[in-house]
Amino acid sequence: MEFQHEIRRKKGKEKIIVLTAYDCQMAEVLDETGIDLILVGDSLGMVVQGHNDTKSVTMMDMLYHVKAVAKGAKNTPIIGDMPINSCNTAEKGLRNAEQFLKAGADGVKIEGNRPKVISALIEAEIPVMGHVGMLPQMAETYHVKGKKPEEAEEIFRDALDLDRLGVFSMVLECIPENLARKITDHVKTPTIGIGAGKYCDGQVLVINDMLGLNLKFKPKYVKRYADLNKVVKDAVTSFMKEVSVGKYPDEEHTYH
Ligand code: KIV
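Residues numbered from 1 in each chain as written. Predicted model: local features only at pLDDT ≥ 70, side-chain atom pairs only at ≥ 80, totals over all residues. Heavy atoms only, no water.

A. Highlighting the overall build of the protein chain. A tally of regular secondary structure across the protein chain gives ten helices and eight strands. Principal axes of the C-alpha set define a box for the protein chain whose edges measure 65 × 40 × 35 Å. With 256 residues in all, the protein chain has 46% of them scored as buried. A fraction of 57% describes how many contacts in the protein chain between residues 6 or more apart in sequence connect residues 24 or more apart. Summed over its atoms, the accessible surface of the protein chain is roughly 13700 Å², and 55% of this surface lies on carbon and sulfur atoms. Of the side-chain charges in the protein chain, 34 are positive and 37 negative, and the distance between the mean point of each set is 5 Å. (Helix = DSSP H or I, 4+ residues; strand = E, 2+ residues; numbered from the N terminus. Buried < 20%, exposed > 50% of the residue type's maximum accessible area, 1.4 Å probe, protein only. Contact = heavy atoms within 4.5 Å. Areas by Shrake-Rupley, 256 points an atom, 1.4 Å probe, with all protein chains shown as cover. Lys, Arg positive; Asp, Glu negative; His and termini not counted. Charge placed at Lys NZ, Arg CZ, Asp CG, Glu CD.)

B. View of the site of the ligand. Residues in contact with the ligand, as listed here, are Thr20, Leu39, Gly41, Asp42, Ser43, Asp81, Lys109, His131, Val171, Ile194 and Val206. The separation between an oxygen atom of the ligand and a polar side-chain atom of serine 43 is 2.6 Å. Coverage of the ligand by the protein amounts to 95% of the 260 Å² it exposes when considered alone. The cavity that encloses the ligand is the largest pocket. Taken together, the residues that form the shell around the ligand break down as four nonpolar, four polar and three charged. (Near = heavy atom within 4 Å. Polar contact = N/O pair within 3.5 Å; in protein donor to acceptor, adjacent residues only side chain to side chain. 1 Å grid on protein atoms, 1.4 Å probe; cavity = no way out; pocket = protein on both sides within 12 Å on 5 of 7 lines; lining within 4 Å. Sits in = over half its atoms within 2 Å of the grid points. Nonpolar A, V, L, I, M, F, W, Y, C, P; charged D, E, K, R; others polar.)

C. Layout of the packing of aromatic side chains. What the rule picks out here adds up to two aromatic pairs. Between phenylalanine 3 and phenylalanine 168, the aromatic rings sit 5.2 Å apart at their centres with planes inclined by 85°, giving edge-to-face as the arrangement. Placement of phenylalanine 3 in helix 1 (residues 2-10) and of phenylalanine 168 in the loop between helix 7 (149-165) and strand 6 (169-173) is noted, with a sequence separation of 165 residues between them. Look at phenylalanine 168 and you get buried, because its relative accessible area is 0%. Between the NZ or CZ atom of arginine 181 and the centre of the ring of tyrosine 199, over which it lies, the distance is 3.9 Å. (Phe/Tyr/Trp six-rings, centres within 6.5 Å; stacked < 30°, edge-to-face > 60°. Lys NZ or Arg CZ within 6 Å of the ring centre and 35° of its normal.)

D. Representation of the side chain of glutamine 137. Within the fold, glutamine 137 resides in the loop between strand 5 (128-133) and helix 7. Given a relative accessible area of 7%, glutamine 137 falls into the buried group. Within polar-contact distance, the side chain of glutamine 137 engages the side chain of aspartate 42 at 2.7 Å. Within the structure, glutamine 137 has its side chain in polar contact with the backbone oxygen of methionine 82 (distance 2.9 Å).

If you want it as structure tokens, here you go:
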């Protein structure tokens, strides 16, 4: 519960930094960097499972990865992403959110404006991160939402609803910068942007995207802070060469 206050405290003062993780070793690395939150996103449907979207991710998948991340992240709060159909009713949402906490999450993220589910969870003292704008669980194609005035108005109203419900933060995904700025200025809840411009209270990226592992997925908002695709290929090429010419294993890496 403590971490929610810290996230709220940062609004307008310090930027909030969030990254996704899906396994123990990446969680260990992120845990040592001092980021604010680790999100076990249902983006694992694409990143880990190789699907085109998040629509086939199950509770079992999510709990498996939350458990792995919880083994690695000893200090960083973990948010588990509630997958499609996991919170169609308040009862189901509550039952599944409790499973997330049991698996090691500190809170859950819920896509969309679901007042009954969100208030049931908050009533039960489960920290909830909201998510408005482009909603991958519902979208047919991934593109910027809120360019049309009526769409922008709906997203704005959804954000105000989530703010009233008491989520501890909300993701704004793929919306124009001006709309994200308006939301951020009107809500007391910290906003965490992904493809929503610089005025959000924090930013989140999918770890594999920002590390440059996946060269096929490059929406405008993704900045690659590393070129792990090249690093991995260079290392594997060196390994292949050294094994081929008998240079590896050498004395240093051999038991006697
Ligand atoms: O699933 C996910 O990783 C997410 C982030 C992109 C916000 O929802």
